[in-house]
Number of protein chains: 4
Amino acid sequence: MGLLITGGRIITATDDERADIYCQGEAITRIEAGIDSSTLPPGTEVIDATDKYVFPGFIDPHVHVHLPFMGTNAKDDWTTASQAALAGGTTTLIEMICPGPTDEPRAAFEEWYAQAQDKAACDFTFHMSAVRFDELAQSQLRDIAIDCGVPSFKVFLAYKGALDLPDEHLFGLLTMAKKLGVIVTAHCENAELIDAMQKRLLSEGKTGPEWHEPSRPPAVEAEGVHHLATFAELTGAHIYTVHTSCMDAVDAALAARARGVNVWIEAVAPHLVLDKSYAEQPDFEGAKYVMSPPLRKKWHQRYLWNHIRSRAISTIGTDHAPFDFAAQKTMGRDAFTKIPNGIPSVSERIDLLHTFGVLTGKIDLHTLVDACSTQAARIFGLYPRKGTIRVGADADLVIYDPNHTRKLSVKDSLSAVDYNAYEGWEVTGRSEVVTVRGVIQAREGAFVGEQSRGQLLKREPTHF
Amino acid sequence: MGLLITGGRIITATDDERADIYCQGEAITRIEAGIDSSTLPPGTEVIDATDKYVFPGFIDPHVHVHLPFMGTNAKDDWTTASQAALAGGTTTLIEMICPGPTDEPRAAFEEWYAQAQDKAACDFTFHMSAVRFDELAQSQLRDIAIDCGVPSFKVFLAYKGALDLPDEHLFGLLTMAKKLGVIVTAHCENAELIDAMQKRLLSEGKTGPEWHEPSRPPAVEAEGVHHLATFAELTGAHIYTVHTSCMDAVDAALAARARGVNVWIEAVAPHLVLDKSYAEQPDFEGAKYVMSPPLRKKWHQRYLWNHIRSRAISTIGTDHAPFDFAAQKTMGRDAFTKIPNGIPSVSERIDLLHTFGVLTGKIDLHTLVDACSTQAARIFGLYPRKGTIRVGADADLVIYDPNHTRKLSVKDSLSAVDYNAYEGWEVTGRSEVVTVRGVIQAREGAFVGEQSRGQLLKREPTHF
Amino acid sequence: MGLLITGGRIITATDDERADIYCQGEAITRIEAGIDSSTLPPGTEVIDATDKYVFPGFIDPHVHVHLPFMGTNAKDDWTTASQAALAGGTTTLIEMICPGPTDEPRAAFEEWYAQAQDKAACDFTFHMSAVRFDELAQSQLRDIAIDCGVPSFKVFLAYKGALDLPDEHLFGLLTMAKKLGVIVTAHCENAELIDAMQKRLLSEGKTGPEWHEPSRPPAVEAEGVHHLATFAELTGAHIYTVHTSCMDAVDAALAARARGVNVWIEAVAPHLVLDKSYAEQPDFEGAKYVMSPPLRKKWHQRYLWNHIRSRAISTIGTDHAPFDFAAQKTMGRDAFTKIPNGIPSVSERIDLLHTFGVLTGKIDLHTLVDACSTQAARIFGLYPRKGTIRVGADADLVIYDPNHTRKLSVKDSLSAVDYNAYEGWEVTGRSEVVTVRGVIQAREGAFVGEQSRGQLLKREPTHF
Amino acid sequence: MGLLITGGRIITATDDERADIYCQGEAITRIEAGIDSSTLPPGTEVIDATDKYVFPGFIDPHVHVHLPFMGTNAKDDWTTASQAALAGGTTTLIEMICPGPTDEPRAAFEEWYAQAQDKAACDFTFHMSAVRFDELAQSQLRDIAIDCGVPSFKVFLAYKGALDLPDEHLFGLLTMAKKLGVIVTAHCENAELIDAMQKRLLSEGKTGPEWHEPSRPPAVEAEGVHHLATFAELTGAHIYTVHTSCMDAVDAALAARARGVNVWIEAVAPHLVLDKSYAEQPDFEGAKYVMSPPLRKKWHQRYLWNHIRSRAISTIGTDHAPFDFAAQKTMGRDAFTKIPNGIPSVSERIDLLHTFGVLTGKIDLHTLVDACSTQAARIFGLYPRKGTIRVGADADLVIYDPNHTRKLSVKDSLSAVDYNAYEGWEVTGRSEVVTVRGVIQAREGAFVGEQSRGQLLKREPTHF
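Residues numbered from 1 in each chain as written. Chains lettered and ligands numbered in written order. Predicted model: local features only at pLDDT ≥ 70, side-chain atom pairs only at ≥ 80, totals over all residues. Heavy atoms only, no water.

Hey, could you go over the overall build of chain A for me, with residue numbers and the actual values?
Secondary structure assignment for chain A yields eleven helices and 21 strands. Rg of the C-alpha trace for chain A: 21 Å, near the compact-globule value of 23 Å for 464 residues, within the 12% margin. For chain A, the spread of C-alpha atoms along the three principal axes comes to 70 × 50 × 40 Å. Buried positions account for 67% of the 464 residues belonging to chain A. Restricting to contacts in chain A with at least 6 residues of sequence separation, those with at least 24 account for 77%. Summing over all exposed atoms, chain A offers an accessible surface of approximately 14,400 Å²; the carbon and sulfur share of this is 49%. (Helix = DSSP H or I, 4+ residues; strand = E, 2+ residues; numbered from the N terminus. Rg over C-alpha atoms; globule rule 2.2 N^0.38 Å. Buried < 20%, exposed > 50% of the residue type's maximum accessible area, 1.4 Å probe, protein only. Contact = heavy atoms within 4.5 Å. Areas by Shrake-Rupley, 256 points an atom, 1.4 Å probe, with all protein chains shown as cover.)

So, in structure tokens, the structure goes:
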């Protein structure tokens, strides 16, 4: 059954034109001005997008859904997370597979895949974390990248003793990645410094969430980026710094790029609109704003926006990591180190960036699309199936009303988490209709589609 | 009469796909796999592009054709220059209008336009140099930008007493440009330092072309960029540094960008493949390699390529400035300061960059298209009419054979200049067929089209 | 008549030792532990410095006393200014000679010298401003530097149309300075940008003192430093950036130094302890805090202190420029551009730096002495006569009580100005006894000496 | 028995004066113009230093004498090394104590001390390497620093599995150092990268000494400095980067300093006068020039000199590590990784720096003294006993003939090593007379003194 979207302003990373879009089956099959609906098969649904934008479905390159972490499990499952994503205009999620340090990669891949496969209402793929690198792991990681179509690894320089990969293995992983054409995404914070700073702060009685940032200041993140970039320089591997939060870290990445390192930079929505003062709120309210890297001083925001505008920063994700406040964040009442990390934003990302980025003039609409969809598709091998609007591409579309105004609230959220970090914020702009491969999955913030529509997107390695 | 291009690999800044292209009238009207030529109007010309690339027509954002300079006139006219451009795959030229210090802008615009309008075999537009900024000039510059559709200015920080604009006027021009949405392109070398260094070197008997670079070292260019960028920072104007030649200057621009300045960076082909040692050749041979900014030490090339790959540098032009060796360059036999500046490259640009950029792995094909076509179109308001391949765009197309090998030589050149700076260089890749708005203008390096096909491309201001 | 100082802790830029100091005539003649006063000539005055520091007399490398500026005259004369300096431990002042744009240098030198010669209670020398550079001026500047013993020039990149030197002359001046071995001190703010920003702000009705800083933000100063440093790079001249106020400007100087430019950096006391918010006080109170470069955001202070500690910044002066609040600062009630610039600090410098630098651990005592005395002496050719404590040096000594606490107030000030920018601030540390060439000129903040004791210090050029 | 040095030009880090020096016992007791030798005790030796410089005895802050390394022992012992040092004007050596990874610190200290105590002809102290940091080691390191008077540690980020300290221990060591006031000197090259690069190069058959540098390029050293500096930033410890060899590493240190890190930078003589091409000489000759960090591209030299002139680099040592060519360097014939590292320079340092630094105008004499004597004394707690010429200081003096010219040769060397890296180089300047605490130990390049005159210099911690 076909779908015709008429009269919208089609906005891609590069173009802005008024035309109608006709989707047949799962793909876009025609883009033309004035498609005569009477010539279309009977039953074609027609949506009037006049005065609306039509965006390619947004891609979140960095989310956690299934997440055993710090002794608990993230609250969302793929049902709630994918619904929340769709409500916010995001049609593809790239989830981090985060095995424990002794888990076999293959088993982890299967565990994560199993969580998603029947519940995902949107399409998905993964970044495969390499937390061990013995021979077995090497072999399985290779298989996952090539045979399973997941050619992007994740490494942690943070989380000492849990996820951090020793330098010897980091070099080996990057060498292998280069050979396979696999990009290595990385959480760049020096694990040892954080561990030592946490111990010092706790020993001084500094236990509240306001001490989370001082336990991992910008210097710790810059060290991580500098370290990784040097390893990339010598191995030739392509790298991608996730949730880059501050000037210091961005500068380290850009300096590496100037030396010829192939490095891409990801920002995440929370760092662009929230700052350190949120985590300093009294009565443990700050715990809602604990993520890693932490929220920074406010002036870093402007620096990140400048580099998004210039496209030196390629992507904007969320690092959605959904832990409840009541029963989970509160595990850290006595010690900020035990607060599960995360500021759930998968549903709010686009509207926040539209409101505080586009409408304030920091970026234009093309940059919004580029950062939130196209670049993720290009970097992670989904393009041109995803990430743009063109004939032949998947019919993942967002009809967006740029004038709709509402207040964000946990009560309207489809995520399972019991709080909304942006509670009461007024945003302008809303995804009115959201399709996944031609099927309408969300309307006006509500999920209206097929729960198991999502597919694993098999990808090819491109980072040789 | 239509034109059908079949079987080619269509390469744009973002995409790579096999499809047929049908052009009717001046525009691209269909892009589809397997267009059945029997369904097309009779007389449609069919070109088989199997095993070829199809690129959007290249744009050279920085050329000189009509150029009274240093007491002589550049050798090319629009007949020869546009033929040379087309032979090399370039279908749009942006020429610098360079009036003398007392000329009225309006008269200059008309003079330059008159030169092009009946002779240009390719499309064209201008950057309007602001060398005076009194009230009359302000008014005429505004008219040229808005009414004549030339919303890009050029300023010179170099050429003391001839072209350089005093700081007070620079501020005024940038302020006006910001208000009008006009981008300001700039030659960033400090005029005073060059003048003083030239005098010093000549007084020391250092008169040969090898002293040209020492008279304007990287520090002089970096000063220019830093200066301009500071003015842009305070006025909000959008700027574009032309022919940026060295690490020092690029760094100054990137530092400004990090502070939020809207600055675009242009490299030119000669700086990417030639170095300072060429200008140091004996017997005045070096004079062929005198341009400004000068050729630099070889290591700067790698730095420029790194930033082209990362797209921090947006465009690659030529600064084509065609002076004969025999009768013009030799005007500077006694003093390098009298050597007319320029290394003609309008015809060679694409093949040089394909050979030494793409085939060596420094950049990919998309970056070639982006830097040599798409970005120029976007930055200067020609997009999407120019700069990409899509339905509705002008049918400016280049069918490119990536495997053709030949030696460059003055004897094969369509430019009027009596030497070729790349004489004897072997290049791989050639523009086999080149169209301008649907008409084949060049084939296999020869001009085969209509001499006066070229049009002035009226543009709208976009840099608010 | 001799002077014996016993039991003090002698602190120089490099050393810290307990010894007695005996001064005979104008010089220090003995430094030994346990000088037996009974062996000294009768009439020797003995001062017990137990529990006190003995510092070399401090040098302020940047003051204005005689200052026709913005249509008025600074309030101090040499009587009051030198008394105020001495009360605060400063025994040598280097004053800026600031002629008008058409004045002859020689006449200006004589005018300034005449003001000082009978009234200066402390020693003095000058920096000779070059505000014109025609042949006559060149010849006179050379004479002043060499014959009159004033081998340090001052240039202004700021103050458009009044003091700023055009680039051509800047190059000439630096070339001449290099040849003569003369250092060029410079006020580095781009005159044109300031002029344009002032006009813009005033035209928008932004007339209060809080708009002074926005009219000359850090970018304007960084531009000045970058500009000057580039000129120094090509001429080889030695330069000295006065009152460097912000990270951006310091960074520009340090980058030049890394390239091999011989550049010294001066900070001034107000920028180290005051910030922009002072100039934003209501009821025109902010006018007391208007100087150029302006007070900056507070975080710049830490950056300056870091570089003072590392000695990347060589000197700390004051830029003492004494204008009354009541009748002079108020000239700018309708326009901040008419507020005479200056934050008088010549008397307060050492106690402020001791309190907020040494006692807070930002710098040590040696760095205090180095920055406030020794480096000025070394850079400006006064060493070893001034700037340290050693046999043979001038007996300019400060016996300093590090524990004395008081509140600063205009009512205790010996300067003629009608306000104190630090009114009510509590400081720790006071110059108890201050000598100039063996004569006690100040005690406990009071002037007790010979009014005309001061001499012009003839210097030799050293910056070849 | 006294010693009188007459008529010399006394050059310290800050001063330059003609005076006589009288030494009685071990110390300097008088510095005056025209000391009447007839008033001195009989037997006073008088040395005429007319037309000579008198320098404070030079200090080499970084040598190896006793050095079990890579399966062999360095060739010098304290007899030869101290004689060689003295012949070259160096009167104090600071040796690295380099225990194996499981050795107890205390035992190592005693082993090293035993080697020196009866054989050292010059004074000495140590940097105590921390290669383990368990509780026992912590306690012993504390004792060595405080009780034994060796308050400077050394850490290796290089030499994987042998000397490198894991990050957790690095943080602990720096924390302890900060508390104790101990400075931490560090070899900053990332051990893991070197190990991986070595394996890769060897596996590619790249076994010659010319591959030593590519196995540890500037990026590897910059990574080390950045890493250490970040740890210092968070612990507050004072650090000192030894043998900093390249722009990248210096820049990392200076960037840290700008952020407030207390970091000192050491260069060593070989990096200032030799470059990478020496290690690329055929027939294994390059092995003589293998040290770590390796010799770099020549342009780095100028960068290091610029920063020595500006005193951003504090000290110049040698990293003297004396291995024979014949039987030791040749251990690495099959693999550059087995070439014992070191370019013996303890005897040549001063004359090389005088010839290629002072006489070429890169630095002045004061900077030579500062970098080669005074700063080492200040940073490592030897000042003012060592490092300057003043009454009360140890009578460690060098009478230096700035005009003496000779060729360096292994045959004239007092070091036990069988080659001289500077064989045949012509140098200007020689230490004519060298004293240690008043006793003449060397004359005109020959050792003429008491073999066991040297003492361990007990030091106090100063880096709080």
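Run through the arrangement of the chains, naming residues and quoting values.
No interface is formed between chain A and chain C, the nearest pair of C-alpha atoms being 12 Å apart. Regarding chain B and chain D, the two do not touch, and the least distance separating their C-alpha atoms is 12 Å.

Give a detailed account of the side chain of S245 of chain C, specifying residues and quantitative values.
All names here are of chain C. As for its placement among the helices and strands, S245 is situated in the loop between strand 15 (239-241) and helix 7 (247-258). For S245, a relative accessible area of 1% corresponds to the buried category. At 2.4 Å, the side chain of S245 and the side chain of E221 are in polar contact. Separated by 2.8 Å, the side chains of S245 and R296 make a polar contact. (Polar contact = N/O pair within 3.5 Å; in protein donor to acceptor, adjacent residues only side chain to side chain.)

Could you give an account of the confidence of the model for chain A, naming the residues involved and the relevant values?
Taken as a whole, chain A shows an average pLDDT of 97; of its residues, 100% reach a score of 70 or greater. The ipTM value of the predicted complex is 0.95, and its pTM value is 0.96. (pLDDT = per-residue confidence, 0-100.)

Requested: an account of the sheet that holds strand 11 (residues 90-97) of chain A, with residues and values cited.
Residue and element names in this part refer to chain A. The strand order across the open sheet formed by eight strands is 8-11-12-13-14-15-16-17, and the pairing between neighbours is parallel. Of all strands in the sheet, those with a lone pairing partner are strand 8 (58-63) and strand 17 (315-317), marking the two edges. The mean angle between the axes of side-by-side strands here comes to 30 degrees, regardless of whether they run parallel or antiparallel. As paired elements, strand 15 (residues 239-241) and strand 16 (residues 263-268) share three bridges and run parallel to each other. For I239, the partnering residue across the bridge sits in strand 16 and is V263. (Pairing = 2+ DSSP bridges. Axes fitted to C-alpha atoms, helices over the stretch in contact; angles between N-to-C directions.)

Break down the packing of aromatic side chains for me, citing the residues and quoting the values.
Scanning all chains against the criterion turns up 76 aromatic pairs over all chains. Centroid distance Y422 of chain B to W425 of chain B: 5.2 Å. Interplanar angle 80 degrees. Geometry classified as edge-to-face. Summarising the burial analysis for this pair, Y422 of chain B and W425 of chain B share the class buried. Ring-pair connections join several aromatic residues into one group, and the members of that group are W78, F109, Y113, F124 and F126 of chain A. (Phe/Tyr/Trp six-rings, centres within 6.5 Å; stacked < 30°, edge-to-face > 60°.)

Give a detailed account of the interface of chain D and chain A, specifying residues and quantitative values.
One frequently used descriptor of interface size is the decrease in accessible area upon assembly of the parts. Every contact between the two is made by 22 residues of chain D and, on the other side, 22 residues of chain A. Counting across the interface, chain D meets chain A through two salt bridges. The partner of E168 of chain D in a salt bridge is K160 of chain A, and the shortest N-O contact between them spans 3.0 Å. Taken together, chain D and chain A are joined by six residue pairs in polar contact (both at pLDDT 80 or more). For the side of chain D that touches chain A, the elements supplying multiple residues, two or more each, are helix 4 (167-180), helix 5 (191-203) and helix 6 (218-235) of chain D. (Salt bridge = Lys/Arg side-chain N within 4 Å of Asp/Glu carboxyl O.)

How would you explain the interface of chain A and chain B if you had to name every residue and give the values?
The interface is formed by 19 residues belonging to chain A together with 19 residues belonging to chain B. Counting the surface lost from both chain A and chain B, the interface buries some 1,400 Å², and carbon and sulfur atoms represent 38% of this. Area buried by chain A at its contact with chain B is led by T14, A258 and R390 of chain A, which between them contribute 28% of it. The interface formed by chain A and chain B includes four salt bridges. Counting across the chain A and chain B interface gives 14 residue pairs in polar contact (both at pLDDT 80 or more). Sorting the residues of the side of chain A that touches chain B by element identifies helix 7 (247-258), helix 9 (299-309) and helix 11 (365-379) of chain A as the ones contributing at least two each. (Buried area = accessible area lost by both parts, 1.4 Å probe.)

I'd like to hear about unusual backbone geometry, residue by residue, with values.
With an omega dihedral of 5 degrees, the bond running from Y383 of chain C to P384 of chain C counts as a cis peptide bond. Its location among the elements puts P384 of chain C in the loop between helix 11 (365-379) and strand 18 (397-407). Residue R311 of chain A is not a glycine yet carries a positive backbone phi of 65 degrees. Within the secondary structure layout, R311 of chain A lies in the loop between helix 9 and strand 17. Residue classification places R311 of chain A among the partly exposed residues on the basis of a relative accessible area of 32%. You will see that H243 of chain B, though not glycine, has its phi angle at about 35 degrees, which is positive. As for its position among the elements, H243 of chain B is in the loop between strand 15 (239-241) and helix 7 (247-258). Judged by relative accessible area, H243 of chain B falls into the buried class, the value being 1%.

A description of the relation of the copies chain D and chain A should follow, citing residues and the corresponding values.
Superposing chain D onto chain A requires a rotation of 180 degrees together with a translation of 0.0 Å along the rotation axis, leaving an RMSD of 0.0 Å. These values place the two chain copies in the arrangement generated by a two-fold rotation axis. Most of the interface of chain D is mirrored in chain A, where 100% of its interface residues are also at the interface. (Least-squares fit on C-alpha atoms with pLDDT ≥ 70 in both.)

For the domain arrangement of chain A, give the residues involved together with the corresponding values.
Residues and elements named next belong to chain A. Split into domains, chain A comes out as domain 1 (3-55 + 388-403 + 425-447) and domain 2 (57-379). Domain 1 and domain 2 are separated by 30 Å when their C-alpha centres are compared. On the side of domain 2, 29 residues touch domain 1, which itself brings 30 residues to the contact. Summing both sides of the interface, domain 1 and domain 2 together bury roughly 2,200 Å²; the carbon and sulfur share of this comes to 63%. With a shortest N-O distance of 2.5 Å, D123 and R437 are connected by a salt bridge. Counting only elements with at least two residues in the side of domain 1 that touches domain 2, the list comes to strand 2 (9-11), strand 7 (53-56), strand 18 (397-407), strand 19 (426-436) and strand 20 (439-443). In terms of residue count, the dominant contributor to the side of domain 1 that touches domain 2 is strand 19 (nine residues). Classifying every residue of the side of domain 1 that touches domain 2 by side-chain character gives 14 nonpolar, eight polar and eight charged. (Domains from an automatic or database assignment. Nonpolar A, V, L, I, M, F, W, Y, C, P; charged D, E, K, R; others polar.)

A description of the relation of the copies chain A and chain B should follow, citing residues and the corresponding values.
Mapping chain A onto chain B is achieved by rotating through 180 degrees and translating by 0.0 Å along the same axis, at an RMSD of 0.0 Å. A high fraction, 100%, of the interface residues of chain A reappear at the interface in chain B, so the copies pair face to face through one surface.

So, the pattern of salt bridges: which residues are in play, and what are the values?
Across all of its chains, the model carries 133 salt bridges over all chains by this definition. One network of salt bridges, with partners in common, ties together E26, D123, R385, K386, D394, D396, R437, E450 and R453 of chain A.

How would you sum up the pairing of strand 8 of chain A? Please name residues and give values.
All names here are of chain A. The buried fraction of strand 8 is high, at six of six residues. Pairing analysis gives four bridges linking strand 8 to strand 11, with the strands arranged parallel. Following the sheet pairing, F58 is matched in strand 11 by T90.

Can you lay out the environment of F171 of chain A for me, pointing to particular residues and giving the numbers?
With respect to the helices, strands and loops of the structure, F171 of chain A is situated in helix 4 (residues 167-180). A relative accessible area of 8% places F171 of chain A in the buried class. For the pair formed by F171 of chain A and E45 of chain A, sequence separation is 126 residues and the distance between their alpha carbons is 53 Å. For F171 of chain A, the contacting residues outside a window of four places in its chain are F231, L234 and T235 of chain A together with L193, A196, M197 and R200 of chain D.

Tell me what's going on with the state of the cysteines, and back it up with residues and numbers.
Each disulfide consists of a covalent bond between the sulfur atoms of two cysteine residues. Inspection of every chain in the model, using the stated rule, returns zero disulfides over all chains. Just so you know, C246 of chain A is unpaired, no disulfide at all, and the nearest cysteine sulfur is the one on C188 of chain A, 11 Å from it. For C246 of chain A, a relative accessible area of 0% corresponds to the buried category. C148 of chain B carries a free sulfur, and the closest cysteine sulfur to it, the one in C98 of chain B, is 17 Å from it. Judged by its relative accessible area of 8%, C148 of chain B falls in the buried class. (Disulfide = S-S within 2.5 Å.)

Could you give an account of the pairing of strand 20 (residues 439-443) of chain C, with specific residues and numbers?
Residue and element names in this part refer to chain C. Pairing geometry for strand 19 (residues 426-436) and strand 20, over four bridges, is antiparallel. Bridging across to strand 20, V434 finds its partner in A442. Turn length for the strand 19-strand 20 hairpin, with the two strands adjacent in sequence and antiparallel, is two residues, and the turn residue R437 shows positive phi of about 40 degrees. Pairing between strand 20 and strand 21 (residues 446-447): two bridges, direction antiparallel. In the sheet register, R443 faces strand 21, and the bridge partner there is A446. Hairpin connection, strand 20 to strand 21: the antiparallel pair is bridged by two residues, and E444 has positive phi, about 45 degrees.

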